[in-house]
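A look at the structure
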Amino acid sequence: MRRFRGRRRRWKTRGLGETGLSLTSLMDILTCLLFFVLKSFVAGGETTVPPPGLELPASTADKAMVTSLVIAIDQDEILIGSEHVATLKEAAESKGMLIEPLAARLAAVRQQMDEIAGQQAAAQRRPRIVTIQGDEDIEFAVLQKVMYTVNQGGFDDIALAVLKKA
Amino acid sequence: MSAQSRRLRSSKQHVNCDLELRPLMNVFIVLIPMLLMSAVFIEIRVIEMSMPRAVDGTSASQIQTPLELAIRVRPDAYLVEGAGVVLQTIPRVASTNAKQPLAPEAASALTRVLLGVAASHPENKDIRIIAASDTHYQEIVALMDLARAAGLPQAALEGSVSKGV
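Description of the structure in this document.

Rules used in this analysis
Residues numbered from 1 in each chain as written. Chains lettered and ligands numbered in written order. Predicted model: local features only at pLDDT ≥ 70, side-chain atom pairs only at ≥ 80, totals over all residues. Heavy atoms only, no water. Helix = DSSP H or I, 4+ residues; strand = E, 2+ residues; numbered from the N terminus. Buried < 20%, exposed > 50% of the residue type's maximum accessible area, 1.4 Å probe, protein only. Contact = heavy atoms within 4.5 Å. Areas by Shrake-Rupley, 256 points an atom, 1.4 Å probe, with all protein chains shown as cover. Buried area = accessible area lost by both parts, 1.4 Å probe. Salt bridge = Lys/Arg side-chain N within 4 Å of Asp/Glu carboxyl O. Nonpolar A, V, L, I, M, F, W, Y, C, P; charged D, E, K, R; others polar. Pairing = 2+ DSSP bridges. Core = buried A, V, L, I, M, F, W, Y, C linked by side-chain atoms within 4.5 Å. Axes fitted to C-alpha atoms, helices over the stretch in contact; angles between N-to-C directions.

Overview of the overall build of chain B
- Along chain B, the regular secondary structure elements total 5 helices and 6 strands.
- A total of 165 residues make up chain B; the buried ones form 41% of that total.
- Counting contacts in chain B only where the partners sit at least 6 residues apart, residues at least 24 apart contribute 64% of the total.
- In the structure as shown, chain B presents an accessible area of about 9,600 Å², 58% of it carried by carbon and sulfur atoms.

A look at the interface of chain A and chain B
- Of the residues lining the interface, 54 residues belong to chain A; the matching set on chain B comes to 43 residues.
- The junction of chain A with chain B conceals about 4,400 Å² of combined surface from both sides, 70% of it contributed by carbon and sulfur atoms.
- Viewed at the interface, chain B and chain A are joined by 1 salt bridge.
- Notably, a salt bridge pairs Glu48(B) with Lys63(A), separated by 3.1 Å at the nearest N-O pair.
- Considering each element in turn, the side of chain A that touches chain B owes the most residues, 10 residues, to helix α2 (residues 24–39) of chain A.
- Within the side of chain A that touches chain B, the residues separate by chemical class into 33 nonpolar, 11 polar and 10 charged.
- The sheet contact formed by strand β2 (residues 63–64) of chain A and strand β1 (residues 44–49) of chain B spans 2 bridges and is antiparallel.

Some words on the nonpolar core
- Leu143(A) and Val146(A) are the most contacted members of the largest nonpolar core, which has 62 residues in total.
- Not counting chain neighbours up to four residues away, the residues in contact with Val146(A) comprise Ile71(A), Ile73(A), Ile78(A), Ile99(A), Leu102(A) and Ile132(A).

Focus on the pairing of strand β3 (residues 69–73) of chain A
All names here are of chain A.
- Across the 5 residues that make up β3, a large majority, 5, are buried.
- Burial of the side chains of β3 extends over both faces: Leu-69, Ile-71 and Ile-73 are buried on one face and Val-70 and Ala-72 on the other.
- Where β3 lies against strand β6 (residues 129–134), 5 bridges are found, and the strand directions are parallel. When the bridges of β6 are listed, Ile-71 appears paired with Ile-132.
- With 3 bridges joining them, β3 and strand β4 (residues 77–80) adopt antiparallel strand pairing.

So, the pattern of salt bridges
Residues and elements named next belong to chain B.
- A full pass over the atoms with the stated rule returns 8 salt bridges over all chains.
- When the shortest N-O distance is used, the salt bridge between Arg-128 and Glu-158 registers 2.8 Å. Here the residue Arg-128 occupies a position in strand β5 (residues 126–131), and Glu-158 occupies one in strand β6 (residues 154–159), the gap between them amounting to 30 residues.
- Arg-128 gets classed as buried once you look at its relative accessible area, which sits at 17%.
- Since its relative accessible area comes to 11%, Glu-158 is described here as buried.

Some points on the sheet that holds β5(B)
- The sheet built from 5 strands is open, its strands ordered β4-β3-β2-β5-β6 (chain B) with mixed pairing. In the strand order of this sheet, the two ends are held by β4 (85–91) and β6 of chain B, each with one partner. Each strand axis lies, on average, 20° off the axis of its neighbour in the sheet, ignoring direction.
- The pairing of strand β3 (residues 77–82) of chain B with β4(B) spans 5 bridges and is antiparallel. The residue of β4(B) that forms the bridge with Tyr78(B) is Ile90(B).
- Along the sheet, helix α5 (residues 140–152) of chain A makes contact with β5 and β6 of chain B, crossing β6(B) at roughly 105°.
- Packed on one face of the sheet, helix α4 (residues 104–120) of chain B meets β2 (70–73), β3, β4 and β5 of chain B and runs near 170° to β4(B).

Function cannot be inferred from these measures alone, as they are strictly geometric.
Written out as structure tokens, the structure reads:
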């Protein structure tokens, strides 16, 4: 009986230092996660996410995206930012090259940009750039009409957004 | 010294040698959500390019380059044409791979032709891609990639006058 009590006391004293949480394995996970996230971290450059369902074409182009107005063309509609502007059916049925609803929205955006530019110093003014995020399956006719409308809207440059090929 | 007192002393000298990881973990827990929010998992690049040309004859003639190098997309072939360049016809074969809009044979033939033209006219960096209205965007981007790889980085898009011609 005495021997049994002695064993129990020893077991109690041995267990005293092991009451804290073991954080080593959690630290391993966090370290791996930190390196993974650091690898995909972009400092500085402009980032954008295409609307859901839109698949950009793959390309070997390596120019980084700059801050600009983004027009997305998916299988059904044309969007500025995340705002619906016109359907592809409307764009296809427009008589000439100009897509009227897009032209009207671009005119409003350009007016806003001009107002902002008027308040800025000349050195801070940026060229008016439009980035087109087109789905890989859209037809050239739609793209051409959008580019023509953008050109008529007084925007200086056009950039086509693509996915970088691995 | 008795065995009992020795045992007491050894239990008093017990030192906790575990690393204190909690402050480091707190830093990690703040850092990881911050980095996750600014991380980019899809790498988006851009192709800067010229505006599409008007399809009427008058404006097209005003913006002609001396070489006028162009790839014309036809339903059955790609035509590489230009002033002083022998017209080259490359069959437009349907690609079996959905990820590759151009068939490998057509891509290699186009690359060979464009490299030849770029070597014989090193001053020229421009090329026009004259696409039909039903040409898919992915195919146009693939043609621009081929032209860029051949040393013709300044691609312009142009619509052909009638569909499929």
